[in-house]
Every structure is written in C-alpha cells, then in structure tokens.
Amino acid sequence: MAQREGLGPGGKTGEVIAQALIEQFPEYIKIKKATHNRVYAMVDKTAWLKVATYMKDKFEFDHVTAVSGVDWLEEKKMWVVSHITSYSNQVTAEIIVELPRDKPEIDSVSNLWGGANWHERETYDMFGIIFLGHPRMERILTPEGTDYFPYRKDFVGGRRV
Amino acid sequence: MDMRLAPHAIAMSAQEFLAWSRDLMEQLMQASGGKKAVDKITAPIWSWALRNANYPLHFGIACCALEMAAASGSRFDAERLGMIFRSSPRQTDVLLINGWVTAKLRPDLRRLYEQMAEPHWVVAMGECAISGGPWYDSYNTVQGVDTFIPVDVYIPGCPPRPEAMIDGFMKLHKKINKEMKGTFLED
Amino acid sequence: MAEMWLNMGPQHPMTHGLWNLRVKIDGETIVEAEPVVGYLHRGWEKIAENRMYPQIIPLADRLCYGASMSWEHLYCNTIEDMMELEVPDRAKYIRSIVLEAQRIGSHLMWLAALGTDLGSYTIFLYSVRERELFLDLMQNLCGARLTYNYCRIGGVRNDVPANFERDFDRVLTHFEKKMSGLEALMDQSTVFRMRMEDVGYISGEQARNLGVTGPNLRGSGVEYDVRKDDPYEAYADLDFQVCYENEGDAFARYRVRMDEMYESCKIIRQAIKQMPKGPYRLKPPRTAEKGKSGWAHVEDPRGEGFMYAIGNGTDRPYRLKVRSPIFVTVSAAPVMLVGYKVADVPAIMGSVDMCLGETDR
C-alpha cells in the first residue's frame, strides 16, 4: 500500500482538539462530548468565523461534510449544524450555532471552504437563514419565484402544484 | 362543385376555374365510397408501420429510467420491437415519462410534448408519473402527469420491471392498431 | 469572438438525470459554467418528517436509485447511532457483502452511462449485461431489482437464501473474467483514451477544499476512503486496498472505479468466508427521545454520504438531513470544465458519475 501523505493519524485526537478549543475560546464554546475521533460542540454566533478559521489553520480541518439548519419553532430559535472533517487527524467535529428565529443571520464559511458554498445556499433556500459574506445567496433547489421557506416548521407540507 | 355551371366553364378565368373545380376529386371519391375504401386499406398498413417503429424520447427522469435503460439492454431488448431511443423530440413518437415531475420541470415537459409531431403518444411509467407516487404530500411534485398532458398508457410499478415496461408498450401497440385512421383521416 | 451561453439540458442525451448545465462558450472553448439543479426536488427531508422510522427506508431507497442499498444502509446506520443500537455481527457481514455488490452494480451503471455519452453503445450493452447478473443476486436475496427495502433499523430483513455462496462465487468468477475483456475494450482504445485523458483536471488541493469525495477525490491523488478511515459495519476486519490515481483527469477517475470493482470482488469473497452465524436482526425501539441526535457517514459509490437525524419523542423524526456527495461535486464541476471544449463535457461529466436523485432530494 502506498504512502498516505497528509492523511492518516496526525496525532491530534478529538480530546486534544476539544481541549485546545476550550483554551482558545473559553467564553464562546461549549464542548458537549469529545472522543478520539468525534467532537461535539456548541459555538456562539459571534465567534463562529474565528473558531472555523482556527480549526482550519491549526488542526487541518479541510473538508466540510455538511452544513444544515434545524428549525425549533417553539423555542423560537434556529440551529446551523456544521459537520467538519479533518482528513489528517481523522476527526469529525459537529458544531452547532444557535440563532434567533426572527433574525437568522450567520457568517458564511464559504471563503474558507468552498465545499460549504452550496450547502449554505441550500440552507438559505430551505430555512431562510442568511449567510453573510456568501458570494451568491440565492435559491438553488426550489423553482424561481418560490416565496416560502419549505423546511420551516410553520410551513405545512402538502400538495401545492 | 356545381355541375350546372359546366357549360360556362370555358368562359371562366383561371382563378374562377380553380375555385370551381377544387373539390372535384374529393366529392367524386366521397360519393363513390372511394375514400372509405382507401381508408380501409391504408389504416392497417400505417398502423403496422407506426407501431413497429415506436421511437421513444431519450429522456430519463428518475428511478424508472434505470429500468428503461435495462429494457434496452441485451436481456430484455426493447429494440427488437422497434424502440430506438432518439434524442431530439422532433424525431420521436412516444414520450415516456419515467419519474416524478416537479414544478420546475412541468413547463419544459409540456414544451417537449408540443414539439413532438403528430401522431404521438404518451406513456406514463411508474407510480410517480401516474399519480405522484410516494411523494403524495410533497410541495413540489405534480400529482400525476395526466394533469397537464394527455396520457395513453399507464404502466404501474415502483419501478416496473423491464418486462412490465415492454408489456405496456405492447398495449400501446394494440391501442395504435385500434385507433389508427387511414390516409384521409376520416372515420 | 462573441461569447454565448449554451443550455445543455434539461433534456439532453448526456444528462444522467435531470439538470441543466449552462456553459458560456467562446467559439468552442468553455469560459464559464453554471450548473442548474432543482428539477427533481421533492422536499425529501420534509416528507421524511411525516413518516415513521421504518417507513422512511423505502424513501431512502429512492434518494439515489443507482445505489439504493447504500442509502438505505446509511439511513439505518444514522438511526442506529441515534438510538444507540449495536447491530449483530452476522447482519454487519451481510450488509458489507450486499453493499459491495451494490457498489459493483452502481459502477457498472456508471460505465454504461459513460459509454452512451461517448457514443459507444458496445460499452453500454456489455455493462448492462453484467449488471443483470448482480441484480439477479439481489433479487434472490430480497426480491427487488432496483429499490430493495432490505436493510432494517437493527439489522437486515431476512437471512441469506440457500445457495448464497455458490451463486456469488459463480457470478464473481464470471464477472472477473469478463471485466478484463471489458477493460481492454476501453484501455486499449485510442479513441477512448484521447477523449478521456487530460480533460476535466482538478487538483488534489482544489478537490479537498471544494468538498469533492469518493472516486472523484481519489482520482486526484488524495487517498481518503471512509471504509478505511472511519470503518463501519465489518470493514475493520476485512483486508482491501484503497484505489487511487494521481493524474486528476477524467481517465484517472475512470481507472479508480474500474479498480474498485476488483477490490469489491475481493471484499465479498473474504466476507462470505468470515461470516459468523447468529441473529440477523434486532428489534429497535419504536420512538426516539426528544432532542436526541445521531449521524453516520459511509463510503457511497459516489462519495461520502452522510445523514443527520434528530428525534422527536414520537415515532417520527424531527429533522433528517441528507448530505449527498454529488451535490457538492456538481458545485465543483465548473473547475473541471473551464478551459476545455464543449465536446469534452460528456466525457468530463460522465467521469464524475452523477445521480440527480440525491442531489435534489
């Protein structure tokens, strides 16, 4: 088997990464759980871009697996859940950012990771969450002229066309 | 054509003569029953030609398209029945709709249907094309293709086996045979 | 020269599913490309919120119909992670065998589509014929050819049928012999190589950043395979190699998939020998607690598939998020297209192995 350059256990396990994140951003980040290959965290909205840049630069998190939204209608908030993977450390981090439901805006990470581009567009299309700094914040899956956000909980699904 | 004007035919201008004699052949054939005879002879010939060279449009939407592709493979072999898939709608006879139709696709599908030349038929393959299928409570799918296109044959299944698709085309052949009109399109 | 926008789709012989590729061409050269998707969007995730957990399995089949077992299994893995279930060993081995057979079937369908794109109907016919053998195996196992509805939360639906080993052995031996002939048809064909080599180049760095995964990433030299890096099911106990190439062009991606088919045959043979006896199914709980979440990622034939589920306290999910590998690869398509000719588009997009059902969901 050939050499795996830049891949394979880089030595920084999930616990190490979680510890470093808490030390770097003590008041903005809350770690729910950390195992050797998983990190579950909640990050404050104002620090999201800084945390993402730190994860990319220091811990080689170079692949965005998914960026999705969750609508909590009763609690009047929305979540943006990002799953980011590091190939060299083989760790996947689940980061949840809470947003107020009446003004769902968050910084975009598409300039850091191009892979988040279409995921953020889709989250806007389905939930109405606006990603500030995104190069092209437009609808992608629903047809032109759609004026509702389908995956929100107050949108009742059902035959419409 | 009025035969009482016949003695005056020699005095007519070219325009008047043309207008006067235009329907002569038609009326003769109608009166003598020739039109019906020609229709009776040519209808089976046209239907034989049309049904054995049913060119579907190369248009795959979703899962049923994979069974359509398997039907044109060597095991089920739709081509022995004359079904050669063509890419341009102008060159096809059958619009085979295999998959769910969304609001974004609906105007394009209608346009494809209108671009096909007469006579043409529509086959709805799979549950999604027949009535919306598993996506019955979706906000973006059309619940049945026959809401905007007239459908001739419905092939149920999710997805229908390639043999079922070929059976559906056999039923389309029967339908073509029964409904074919002769040369003069009168029946 | 005047530049113009050209619409390739939604009805085009090369489409592999329903999408529109708008290319801006200057003469014959592509200057800009913009993929337009959404022609198959049915709101899958919203529909799934109205179905009970076992009812979503047939829906997950129809996400990517070219590799439906892979998506069912991904969904079952996600719910098992959310409910914290441990699947019995025999079920793990059965799932691995069936997933690898599905991988071969999916790659054969890709090869058939690639052949049609390049105008070679022969490749299509041979690939579809070999694929029928694998579909027969799946039909013996679970009764369906395309949308299997076989994996269950907690295992699989039924045990393997009689003559399972014999049938698989026959098919694999026959397939490996035929594959060498099929490969020679393409590898030694000057026309095929001219059309596929040096087109659609994407570098390893770009592919990693843009989120491309699967054979498309491995064709550019990055050896990331979820089966090796984050093993699931029985892959930790099976011995196989990760196939990769270094060139990054369409021919490299094609070679990666051909090699993967051989590796899958190896994996199936090992797994059949090592399969333990025991139960093949657990009974899962009917509901999931409110706020409990789980996720899983697998090596789908097209890349890294991922699903994330949040429970509701009832027997329906609150949120079910699907990450489709081709959704992200299509967003990286402009990088692969700019600079090449319009006539190269079928070869490039054919080597990417698109399936629009999972893109649009």
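Each remark here, short or long, concerns the structure printed above.
These figures come from a predicted structure and were not determined experimentally. What you see as residue numbers is a count from 1 along each chain, following the sequence as written. Labels are handed out in written order, letters beginning with A for the chains and numbers beginning with 1 for the ligands. The model is predicted, so local features are restricted to residues of pLDDT at least 70 and side-chain atom pairs to those at 80 or more, both for listing and for counting; the totals for chains, interfaces and linings are taken over all residues.

Trainee: It is not clear to me how the overall build of chain C should be interpreted in this structure. Could you clarify?
Mentor: Secondary structure counts use DSSP, requiring at least four H or I residues in a row for a helix and at least two E residues in a row for a strand, with both numbered from the N terminus. Scanning chain C from terminus to terminus reveals 15 helices and 8 strands. Considering only C-alpha atoms, chain C reaches an extent of 65 × 45 × 35 Å along its principal axes. With C-beta atoms placed from the backbone, the exposure class of a residue follows from how many other C-beta atoms lie within 10 Å of its own: 20 or more, buried; 12 or fewer, exposed; in between, partly exposed. Expressed as a percentage of its 361 residues, the buried residues of chain C come to 60%. Look at the contacts in chain C between residues 6 or more apart in sequence, and 70% of them connect residues 24 or more apart. Contacts are defined on C-beta atoms placed from the backbone: any two residues whose C-beta positions lie within 7 Å are in contact.

Trainee: What am I meant to see in the interface of chain A and chain C here?
Mentor: Accessible area lost upon the coming together of the parts serves often as the stated size of an interface. If you look at the interface, chain A gives 27 residues, while chain C gives 30 residues. Elements with a minimum of two residues in the side of chain A that touches chain C: β3 (63-72), β4 (77-86) and α3 (117-127) of chain A. The element contributing the most residues to the side of chain A that touches chain C is β3(A), with 6 residues. Tallied by class, the residues present in the side of chain A that touches chain C amount to 14 nonpolar, 11 polar and 2 charged. Amino acids are sorted into nonpolar (Ala, Val, Leu, Ile, Met, Phe, Trp, Tyr, Cys and Pro), charged (Asp, Glu, Lys and Arg) and polar (every other residue, Gly among them).

Trainee: Before we go on, may I ask you to explain unusual backbone geometry in this structure?
Mentor: Most peptide bonds adopt trans geometry, and most residues besides glycine take a negative phi value. All names here are of chain B. Here the amide bond leading from glutamate 118 into proline 119 is cis, since omega sits at -15°, within 30 degrees of zero. Residue proline 159 is reached from cysteine 158 by a cis peptide bond, and omega for that bond is -10°. As for its position among the elements, proline 159 is in the loop between β3 (153-155) and α7 (162-179). With a phi close to 50°, aspartate 77 is a non-glycine residue in the positive phi region.

Trainee: Mind showing me how you'd approach the nonpolar core here?
Mentor: What tends to happen in soluble globular proteins is that the nonpolar side chains get buried as a cluster. A set of buried Ala, Val, Leu, Ile, Met, Phe, Trp, Tyr and Cys residues, joined through C-beta atoms within 7 Å, is what we mean by a nonpolar core. One finds B:Val123, C:Met307 and C:Ile348 to be the most contacted residues of the largest nonpolar core, which totals 204 residues. At 15 residues, helix α4 (residues 89-117) of chain C tops the list of elements feeding residues into this core. Apart from residues no more than four positions distant in its own chain, C:Ile348 is found in contact with C:Val199, C:Gly200, C:Ala250, C:Met336, C:Leu337 and C:Tyr340.

Trainee: Can you help me understand the sheet that holds strand β3 (residues 29-36) of chain C in this one?
Mentor: Residues and elements named next belong to chain C. Pairs of strands are assigned from DSSP output, requiring at least two bridges between the strands. Reading across the sheet, the 3 strands line up as β1-β2-β3 and stay open at both edges, with antiparallel pairing between neighbours. The outermost strands of the open sheet, each flanked by one partner alone, are β1 (3-8) and β3. The sheet shows a mean angle of 20° between the axes of neighbouring strands, taken without regard to direction. Across 7 bridges, the pairing between strand β2 (residues 20-26) and β3 is antiparallel. The partner of arginine 22 across the bridge, within β3, is glutamate 34. Every angle, taken between N-to-C directions, lies between 0 and 180 degrees, and every axis is a line fitted to C-alpha atoms, over only the stretch in contact when it is a helix.

Trainee: Looking at this structure, how should I read the sheet that holds strand β2 (residues 121-125) of chain B?
Mentor: One key point about sheets: their strands pair by backbone hydrogen bonds, in either a parallel or an antiparallel sense. Residues and elements named next belong to chain B. The 3 strands are arranged β1-β2-β3 in an open sheet whose pairing can be described as parallel. At either end of the open sheet lies a strand with only one pairing partner, and these are β1 (94-98) and β3. The sheet shows a mean angle of 15° between the axes of neighbouring strands, taken without regard to direction. With 5 bridges connecting them, β1 and β2 associate as parallel partners. Each bridged residue has a counterpart across the sheet, and for leucine 96 the counterpart in β2 is valine 123.

Trainee: Looking at this model, I keep getting lost on helix α1 (residues 14-24) of chain A. Mind explaining?
Mentor: An α-helix turns once every 3.6 residues. As a result, residues three or four positions apart point the same way. Residue and element names in this part refer to chain A. Buried within α1 are the following residues: Gly14, Ile17, Ala18 and Leu21. Projected down its long axis, α1 shows its buried positions confined to an angular sector of 100°, all on one face. Structurally, α1 contributes buried residues whose contacts are with β1 (29-34), β2 (38-43), α2 (48-59) and β5 (91-100). This arc corresponds to the set of directions leading from the helix axis out to the C-beta atoms.

Trainee: Would you mind going over the interface of chain C and chain B with me for this structure?
Mentor: Every contact between the two is made by 27 residues of chain C and, on the other side, 28 residues of chain B. Tallying contributions element by element places helix α5 (residues 121-142) of chain C first for the side of chain C that touches chain B, with 4 residues.

Trainee: Explanation requested: the pairing of β2(A) in the structure shown.
Mentor: Both faces of the sheet carry side chains from a regular strand, because those side chains alternate between them. Residues and elements named next belong to chain A. On β2, burial follows the alternation: Val39, Ala41 and Val43 on one face are buried, whereas Arg38, Tyr40 and Met42 on the facing-out side are not. Relative to β2, β1 runs antiparallel, the two being bridged by 5 bridges. By the bridge assignment for β2, alanine 34 is matched with valine 39. The turn joining β1 and β2, which pair antiparallel and follow one another in sequence, is formed by 3 residues. The sheet contact formed by β2 and β5 spans 6 bridges and is parallel.

Trainee: Looking at this model, I keep getting lost on the pairing of β4(A). Mind explaining?
Mentor: Residues and elements named next belong to chain A. The element β4 is largely enclosed, with a buried count of 9 among its 10 residues. Two strands pair when backbone bridges link them, and β3 and β4 are joined in this way by 9 bridges, in the antiparallel orientation. Opposite valine 64, over in β4, you have isoleucine 84 as the bridge partner. Two successive antiparallel strands, β3 and β4, enclose a turn made up of 4 residues, where lysine 76 displays a positive phi of approximately 60°. Relative to β5, β4 is paired through 10 bridges, and the arrangement is antiparallel.

Trainee: I'm lost on the packing of helix α3 (residues 68-83) of chain C against α4(C) in this one. Help?
Mentor: Packed helix pairs are characterised by how far apart their axes lie and by the angle those axes make with each other. Between α3(C) and α4(C), the least distance of the axes is 8 Å, while the angle of their chain directions is 145°. For the pair formed by α3(C) and α4(C), the contact residues are C:Met69, C:Ser70 and C:His73 on the first element and C:Arg95, C:Val98, C:Leu99 and C:Gln102 on the second.

Trainee: Even after reading the chapter, I still don't get the environment of A:Ala41, so can you show me in this structure?
Mentor: Residue and element names in this part refer to chain A. For alanine 41, the position within the fold is in strand β2. Since 22 C-beta atoms lie within 10 Å of it, alanine 41 is described here as buried. Spatially, the C-alpha atoms of alanine 41 and leucine 21 are 9.7 Å apart, while their sequence positions differ by 20 residues. For alanine 41, the residues in contact, after removing those within four places along its chain, are Leu21, Ile29, Lys30, Ile31, Lys32, Ala93 and Ile95.

Trainee: What exactly am I supposed to notice about the environment of C:Val128 here?
Mentor: Within the secondary structure, C:Val128 sits in helix α5. On a C-alpha basis, the gap between C:Val128 and C:Trp110 in space is 9.9 Å, while along the polypeptide they are 18 residues apart. In contact with C:Val128, other than residues within four places in its own chain, are B:Ala69, B:Ala70, B:Gly73, B:Ser74 and C:Ala112.

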